[in-house]
Every structure is written in structure tokens, then in C-alpha cells.
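Fold and geometry: a report
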Amino acid sequence: MIQNYHNLSFSPTLSIDRRVKELQSQGLSVLNLGIGEPDRAPHLKLQEALSNALSLNESAHYTPVQGILKLRQAISDWILREYGVSYDLSDLIITPGCKMAIVLAVMSAVSSRDRVLINAPYWTSYPEIVKLSGASVGKIYNQKNKYELPMAEDIKEAITPETGLIILNSPNNPTGQFYSTTQLKDIAACLRKFPHVKIITDDLYHPIAWDDKVPTLLQIAPDLKDRICLVHGLSKSHRITGWRIGFAAGPKNWIEMMSLIQSQMLTCAATPVQIAAITAYEPSDGIWEEDLKNDINTYKRRYEQLKSALEIIDGYKIYNSGAAFYLFADITQVLERLGYKDDNSYVHALLEEAHIACVPGSAFGMPRHIRFALTLADNLFEEAITRLIHFHRMPS
Ligand SMILES: Cc1ncc(COP(=O)(O)O)c(C=O)c1O
């Protein structure tokens, strides 16, 4: 197991964030478009739920490893409302963040003989989490159109007898793109042909769909339920990245294995946060929907603002987005024009010279690309745009 740690990389988004905090502590004004963390405070109702939870005696104690029953019941009801699929409470596990749900799901599903497929561009932690499990990583790219997520034919080509697991992430970080119903039907048809492949669907950004609701694999293909581990959480939709709460829902034996690992590594997610989270999953007269709509309108506006500014910079090719809070762009021509070796050196220059943090595309399996998070307060966001434009006007 030790050897699995040797080639593990520190999360690039977190290491950029570390540098941002270092520069900020030196009194510099660094504008952070790197880490994907909503800027507004959590809804007052959630804050109150957490302070009320803290005053309860049970808050100071462990919960069952899989999480408190009332929260699992609320989540099970929520999944039924959102996805039309029902889960027994024993088929759910509450975890400290969606990331931990993914770690546990991967560790429980594969061994060192397996290959795990991930769709590129991918969330930076997937390959590292797979490395931790000892399995090998296979990255799937869209062969026909690199500006889109990999399609069923790309997935079909990538699957081999060694493939133990595939991780699907729609809406996707870093692009904000998602699969349509037709594309998911094709993917489901493809996966039905390979019953040896387990599936993780990371639906963390599913609530942050900018226009209509986004379809999900579980809704489109409920017959695959016995092979799917759905991972989700409140970090992004409810602006509580620091509270560390997420969940997984899946087949009994998969969840049981995850519970076993959680029992030895973590015991349970923090009790007060579990109690407070119940309110986020209960029907709420549209409170959460309205709150999220506000965020979505802001993210959409910032996407358009940043897109318009970047389009002025010669060579930026911006990806379409329809969910989450990122803008992803191909900067191949910008790098060539300005003489940067790669996306890392360009991002380094933006941070050290213009004090703007963003994430190089290499971190998502897409060298010569860049990701900006749209989660900076409006006045700072506008300042970041001004600095970006100024940076590109300066003689290089
Ligand atoms: C696609 C994706 N999945 C999972 C996570 C982890 O979420 P959490 O903060 O709930 O652990 C992130 C965080 O950025 C993410 O982008």
C-alpha cells in the first residue's frame, strides 16, 4: 500500500490556493479564480440549523458510521424526488464531503489488477484517488471533438476486460458541460454491454444547472442501479465547502465495504453538520431553489462577463458551459503568441505578476488549457478582469 503514495501529487487547486494565501498574508491583493468555492455565505436557515445543532447534547457524540438515520431518510426521500429512484437507508452512507465518498467508493470497488476509466477533462483528484487504490488510470478523451465530453463510442473503445470501474462526472468540472438525455441513453446502452464495469456518477454539480434540469445516468437508466454508486453533496450547491458533508448511494455490498473503511478511518462525518444538513434535504417551499437560482444567475452573468473580456485577448478559445461555476478555455494560441512554454508557466506568471489565481488545464488532463472559477465577489471579479486585460497588454 505504501508504494501507492509515492507517486501521489498534491491537489493542484489546493496548492495554488496555498500560494494565494501565502501571497495574501504578505499583504498582496491576490484575486482567486482558482479554487471552486462559492463566494456568498451559506443561507441563514442553514447557519441557524448548525448553531441549533451545536446546542444539542447528541452533537458532541459519534453517529452511526453510515450517518444519522434522520439525515439518511431525508436524503433517500430527496433522491426519490430528484431522480425517481428509491434507496433503503442501509444503501446510503454519509461522508465528510463528496471527495471522501469518491475515495471510499473507489477503494471499495477496485484492486491493483483493475483499470479505472475517467472522462477527460476530469476533476483533478480522480487520478490521484485511483492511484491511492492501487488500480491504474485510463483517461478517455472525445476523439471527434475535443471541445466536448467523451461520448459512448469513446467509452466503448476504452473499455477492456481489465476495466473495473468508470467515473462519470456530469455536469463536469472543469468545463460545466453535461450529457444530454440522448447522450446518456447511448452511454447506458454501451455500459449494458459491459456488465463487469462498475460505475461512479459524481453528480455534485447536478443542482447547479443554469437553465433546465440536467439529466443523470441514474434517471435515464434505473436498470443500472445495481452497478451505480451515486456520489453527491451540499458543498457547492449550498455553499458549505468547509462543513465537509457528502453522501454515496449504491448497491448494498458496495456501501457495506465503504462503511467498513469509514469505520476504521473516519468513524463518521461531523455530527452537528449531519444534523444541520437534514434541513437542506427536506422539502422547503422553494427556499433552496430560490437561493440557488440567485447563485446561478450570478455565475451565468460572470461567465458572460469573463468570456467577453477573454475574447478580446487574441487566441483564447472558450468552451461552452451550462452548469457549475467555471469557465474553461483552450489557450494553445495564447501560449504560442506570448512565448510561454506551457499552461503551467502561463498560470504561474498570472499569479506571480498579475496576482490572479487560476488553474492550468494540465491539472484536468488538458494541457494548454486554463480554468477560471466564477466564484469571486462581483467587485473583485471585475477587478480580476481588468487585471487580466492589462496583463495581456503589457509587452512580454
Ligand atoms: C467534480 C467534483 N467532485 C467532488 C468534489 C469534492 O467535493 P467536496 O468538497 O464535497 O468534497 C469536487 C470539488 O471541487 C468536484 O469538483
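Thresholds, definitions, all that
- Residues numbered from 1 in each chain as written.
- Predicted model: local features only at pLDDT ≥ 70, side-chain atom pairs only at ≥ 80, totals over all residues.
- Near = placed C-beta within 6 Å.
- Nonpolar A, V, L, I, M, F, W, Y, C, P; charged D, E, K, R; others polar.
- Core = buried A, V, L, I, M, F, W, Y, C linked by C-beta atoms within 7 Å.
- Buried ≥ 20, exposed ≤ 12 C-beta atoms within 10 Å, placed from the backbone.
- Helix = DSSP H or I, 4+ residues; strand = E, 2+ residues; numbered from the N terminus.
- Domains from an automatic or database assignment.
- Contact = placed C-beta atoms within 7 Å.
- Pairing = 2+ DSSP bridges.
- Axes fitted to C-alpha atoms, helices over the stretch in contact; angles between N-to-C directions.
- Expected span 1.5 Å × (residues − 1).
- Arc of directions from axis to C-beta.

**Some details on the site of the ligand**
- In the vicinity of the ligand, 13 residues are found, and the nearest of them are Gly97, Cys98, Lys99, Asn173 and Ser235.
- Here the shell around the ligand is composed, by residue class, of three nonpolar, eight polar and two charged.

**Brief notes about the nonpolar core**
- Ala105, Val106 and Ala248 are the most contacted members of the largest nonpolar core, which has 114 residues in total.
- Counting residues per element, this core draws most heavily on helix H5 (residues 98-109), which supplies nine residues.
- Here this core gathers at least three residues from each of two domains, domain 1 (3-41 + 288-393) and domain 2 (44-281).
- If we ignore the near neighbours within four places in the chain, the residues touching Val106 are Val116, Ile129, Val130, Ser133 and Leu165.

**What about the sheet that holds strand E4 (residues 136-140)?**
- Read from one edge of the open sheet, seven strands run E2-E8-E7-E6-E5-E3-E4, paired in mixed fashion. Edge positions in the sheet fall to strand E2 (92-95) and E4, since each has one partner strand and no second. In this sheet, neighbouring strand axes are inclined to one another by 20 degrees on average, regardless of whether the strands run parallel or antiparallel.
- The pairing of strand E3 (residues 115-119) with E4 spans five bridges and is parallel. Within E4, the residue paired with Ile118 across the bridge is Lys139.
- Helix H4 (residues 69-83) rests against E2 and strand E8 (246-249) of the sheet, and its axis sits at about 115 degrees to E2.

**Considering unusual backbone geometry**
- Pro121 follows Ala120 through a cis peptide bond whose omega is -5 degrees.
- Along the chain, Pro121 turns up in the loop between E3 and helix H6 (125-133).
- Across the junction of Ser170 and Pro171, the peptide omega takes the value -5 degrees, indicating a cis bond.
- Among the structural elements, Pro171 can be located in the loop between strand E5 (163-169) and helix H8 (181-192).
- Even without being a glycine, Arg244 presents a positive backbone phi close to 60 degrees.
- When you line up the elements, Arg244 lands in the loop between strand E7 (228-233) and E8.
- In the Ramachandran plot, Asp285 falls in the positive-phi region, its phi being about 55 degrees despite a non-glycine side chain.
- As for its placement among the helices and strands, Asp285 is situated in the loop between helix H11 (271-281) and helix H12 (287-312).

**What about the sheet that holds strand E9 (residues 317-318)?**
- Ordered by their spatial adjacency, four strands build an open sheet running E9-E10-E13-E12, and the pairing between neighbours is antiparallel. Looking along the sheet, the strands with just one partner apiece sit at the ends: E9 and strand E12 (359-360).
- Examined bridge by bridge, strand E10 (residues 326-330) and strand E13 (residues 369-373) share five bridges and lie antiparallel to one another. Paired with Asp330 across the strands is His369, a residue of E13.

**Quick word on the environment of Ile255**
- Examined against the element boundaries, Ile255 turns out to sit in helix H10 (residues 252-265).
- Of the residues examined, Ile255 has 24 C-beta atoms within 10 Å and is grouped as buried.
- In this structure, the C-alpha to C-alpha distance between Ile255 and Phe194, residues 61 residues apart in sequence, is 21 Å.
- Discounting chain neighbours no more than four positions away, the residues touching Ile255 are Asp91, Leu92, Ile93, Ala248 and Gly250.

**Let's talk about helix H14 (residues 343-354)**
- Taking 1.5 Å of rise per residue, the twelve residues of H14 would be expected to cover 16 Å, and the 15 Å separating its terminal C-alpha atoms lies within 8% of that figure.
- Buried within H14 we find Asp343, Tyr346, Val347, Leu350 and Leu351. End-on view of H14: buried residues confined to an arc of 130 degrees, all on one side of the axis. The outward face of H14, more than 90 degrees from its buried face, is lined by the exposed residues Glu352 and Glu353.
- His355 sits one or two positions beyond H14 and adopts a positive phi of about 55 degrees.

**Re H4**
- Across its 15 residues, H4 extends 20 Å between first and last C-alpha, which sits within 8% of the 21 Å expected from 1.5 Å per residue.
- Those residues of H4 lying buried are Leu71, Arg72, Ile75, Ile79 and Tyr83. Projected down its long axis, H4 shows its buried positions confined to an angular sector of 95 degrees, all on one face. Across H4 from its buried face, at more than 90 degrees, point the exposed residues Leu69, Leu80 and Arg81.
- Those residues of H4 hidden inside the fold are in contact with E2, helix H9 (217-220), E8 and H11.
- Downstream of H4 by one or two residues, Gly84 has phi in the positive range, about 70 degrees.

**Some points on the domain arrangement of the chain**
- When the domains of the chain are assigned, the result is domain 1 (3-41 + 288-393) and domain 2 (44-281).
- In this structure, domain 1 and domain 2 have C-alpha centres spaced 25 Å apart.
- The partner domain 2 presents 30 residues to the 30 residues of domain 1 that form the contact.
- Of all elements in the fold, only helix H2 (12-25), H12 and E10 reach the threshold of two or more residues within the side of domain 1 that touches domain 2.
- Take the side of domain 1 that touches domain 2: its biggest share by element is four residues, from H12.
- Partitioning the side of domain 1 that touches domain 2 into residue classes produces 16 nonpolar, ten polar and four charged.

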